[in-house]
Amino acid sequence: MKELKNNRVLKFLGRYAVITLASVVYAIGIAFFLNPNQLAPGGVSGIAIILKEVFPFLPGVGMLILIINVPIMILGAWKFGIRFVLSTIYTLIVSSVVIDILPALTGITSITDDMMLASIIGGGLFGVAMGVMFRMETTTGGMDVIVKIVKQKKPHMRTGQIYMLMDVVVLVASALAFHNIEVALFAAIAIYVSSIVMDKAIYGGDEATLVYIISNRRKIIAVRMMQELDVGVTMMEGMGAYSNVSTEIIMCVMRRQTLPKVRNILKEVDPQAFMIVSSAKEVFGEGFKSHFKNEI
């Protein structure tokens, strides 16, 4: 019992250590790359950057993010429960405070004035941090909560795509606020980069390789794949359209690093084998993602 309790404590501390690190990365992307170059990355952070530009007397961007999130946190508590809200409030506070104190602590207001560099690096840091946060079942609040609600209603949509659709409004607002179409275009690059990186951070570990193999020596190939590579193999019925002869097709889902080993088996057993390789975005089942895992 004591060992079980210790494991839970270690798991809890490990989760919040990752959340803290992701929050700092998120803050670095905004404080040193996006905000100094007037790049609104969409969502509440983008809204805060725009408001600070239009109304300079308002508090810092981090504090504005906190203020805007108050009603959204209430919505999050209602939809997802207290556990989700607590971790989100922690993430929100850490990231918002770090955004405001980083420039003061380091004496650095901007790492680069190159708009392209700022949009790519800032967008990348922004995206990877949010992807990790979603994997840890937390968010920075704001649009993240809205996106999670949309994701529940439209599970077929990928998280990065939902962000991109919602960020278009913020992008247009930034163009109007800064009176600069070029700044808005660079902000669009930051949003695009962040959405791509976010999807990689969220779904990258769930992707796999789907392989179909057609061979006269399929039995030998299938046995070697199962014994040597420890992968599951399914035999599917097929029929040649020209020969009108029934056959069996090997179907297998595997990790990407396993594919070269499969090719080596084919070279040894049947160099004339016909193999089709494609990408499986998400895989559920033994050895992959559980059917009961919460959707991000």
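Summarised in this report is the structure supplied together with it. (Residues numbered from 1 in each chain as written. Predicted model: local features only at pLDDT ≥ 70, side-chain atom pairs only at ≥ 80, totals over all residues. Heavy atoms only, no water.)

Scanning the protein from N- to C-terminus turns up ten helices and four strands. Secondary structure elements of the protein occur, N-terminal to C-terminal, as α-α-α-α-α-α-α-α-β-α-β-β-α-β. Computed over the C-alpha atoms, the radius of gyration of the protein is 24 Å, more than 25% above the 19 Å expected from 2.2 N^0.38 for a compact globule of 296 residues. The dimensions of the protein, computed from C-alpha atoms along their principal axes, are 80 × 55 × 35 Å. Taking all 296 residues of the protein together, 44% fall into the buried category. At a minimum sequence separation of 6, the contacts of the protein that also span at least 24 residues come to 73%. (Helix = DSSP H or I, 4+ residues; strand = E, 2+ residues; numbered from the N terminus. Rg over C-alpha atoms; globule rule 2.2 N^0.38 Å. Buried < 20%, exposed > 50% of the residue type's maximum accessible area, 1.4 Å probe, protein only. Contact = heavy atoms within 4.5 Å.)

Bringing the packing of aromatic side chains into the picture now. Per the stated rule, a full pass over the model turns up four aromatic pairs. Arranged with centres 5.1 Å apart and planes meeting at 75°, the rings of tyrosine 16 and tyrosine 90 form a pair that is edge-to-face. Residue tyrosine 16 is located in helix α1 (residues 2-34), and its partner tyrosine 90 is located in helix α4 (residues 82-106); the two are separated by 74 residues in the primary sequence. You can call tyrosine 16 buried: its relative accessible area is 16%. Taken together, the ring pairs in this structure connect Phe12, Tyr16 and Tyr90 into an aromatic cluster. (Phe/Tyr/Trp six-rings, centres within 6.5 Å; stacked < 30°, edge-to-face > 60°.)

Attention shifts here to the sheet that holds strand β4 (residues 274-280). Within a sheet, neighbouring strands are paired by backbone hydrogen bonds and run either parallel or antiparallel to one another. As summarised here, the arrangement of the four strands in space is β2-β3-β1-β4, forming an open sheet in which the pairing is antiparallel. Across the chains shown, the open sheet's two edge strands, defined by having one partner strand only, are β2 (234-239) and β4. Between one strand axis and the next, the sheet turns through 25° on average, direction left out of account. As paired strands, strand β1 (residues 208-214) and β4 are joined by seven bridges and run antiparallel to one another. (Pairing = 2+ DSSP bridges. Axes fitted to C-alpha atoms, helices over the stretch in contact; angles between N-to-C directions.)

Another aspect to go through is unusual backbone geometry. Phi at histidine 179 is positive, roughly 50°, even though this residue is not glycine. Tracing the sequence through the fold places histidine 179 in the loop between α7 (159-178) and α8 (181-203). Histidine 179 sits in the exposed class, given a relative accessible area of 72%. Even without a glycine there, the phi angle at aspartate 230 is positive, about 55°.

Residues lying three or four places apart along an α-helix face the same way, a consequence of the helix completing one turn every 3.6 residues. With 21 residues, helix α5 (residues 115-135) should reach 30 Å at 1.5 Å per residue; the first-to-last C-alpha distance of 30 Å fits that figure. Structurally, the start of α5 carries an N-cap: the backbone nitrogen of methionine 116 is 3.0 Å from a side-chain oxygen of aspartate 114. Residue glutamate 137 follows α5 closely and has a positive phi angle near 60°. (Expected span 1.5 Å × (residues − 1). Polar contact = N/O pair within 3.5 Å; in protein donor to acceptor, adjacent residues only side chain to side chain.)

At a closest axis distance of 10 Å, the pairing of helix α9 (residues 218-229) and helix α10 (residues 259-269) adopts a crossing angle of 140°. With respect to their mutual orientation, α9 and α10 come out oblique. Crossing handedness for the pair α9 and α10: right-handed. Along the contact surface, α9 presents Ile220, Ile221, Arg224, Met225, Glu228 and Leu229, while α10 presents Lys261, Val262, Ile265, Leu266, Glu268 and Val269. A breakdown of the residues in the contact of α9 with α10 according to their chemical character gives eight nonpolar, no polar and four charged. (Parallel < 35°, antiparallel > 145°, perpendicular 65-115°, else oblique. Left-handed = near helix turned anticlockwise from the far one by under 90°. Nonpolar A, V, L, I, M, F, W, Y, C, P; charged D, E, K, R; others polar.)

Before going further, it helps to examine a nonpolar patch on the surface. Taken together, the side chains of Ile89, Ile93, Val97, Ile101 and Leu105 define a hydrophobic patch exposed on the protein surface, amounting to about 410 Å² of accessible area. Mapping isoleucine 101 onto the fold places it in helix α4. Note on isoleucine 101: relative accessible area 36%, which makes it partly exposed. (Patch = residues over 30% accessible without salt bridge, like charges linked within 9 Å, V, L, I, M, F, W, Y side chains within 5 Å. Areas by Shrake-Rupley, 256 points an atom, 1.4 Å probe, with all protein chains shown as cover. Salt bridge = Lys/Arg side-chain N within 4 Å of Asp/Glu carboxyl O.)

It is worth spelling out the pattern of salt bridges at this point. Taken as a whole and judged by the stated rule, the model has four salt bridges. Glutamate 268 is the salt-bridge partner of arginine 224, the closest N and O atoms lying 2.9 Å from each other. Of the two residues, arginine 224 sits in helix α9 while glutamate 268 sits in helix α10, which places them 44 residues apart along the sequence. Assessed through its relative accessible area of 56%, glutamate 268 is described here as exposed. One salt-bridge network, in which partners are shared between bridges, spans Arg218, Lys219 and Glu248.

The side chains of a regular strand alternate, first on one face of the sheet and then on the other. With six bridges connecting them, β2 and strand β3 (residues 246-254) associate as antiparallel partners. Bridging across to β3, methionine 236 finds its partner in isoleucine 249. Count of turn residues in the β2/β3 antiparallel hairpin: six residues, of which asparagine 244 carries a positive phi of about 60°.

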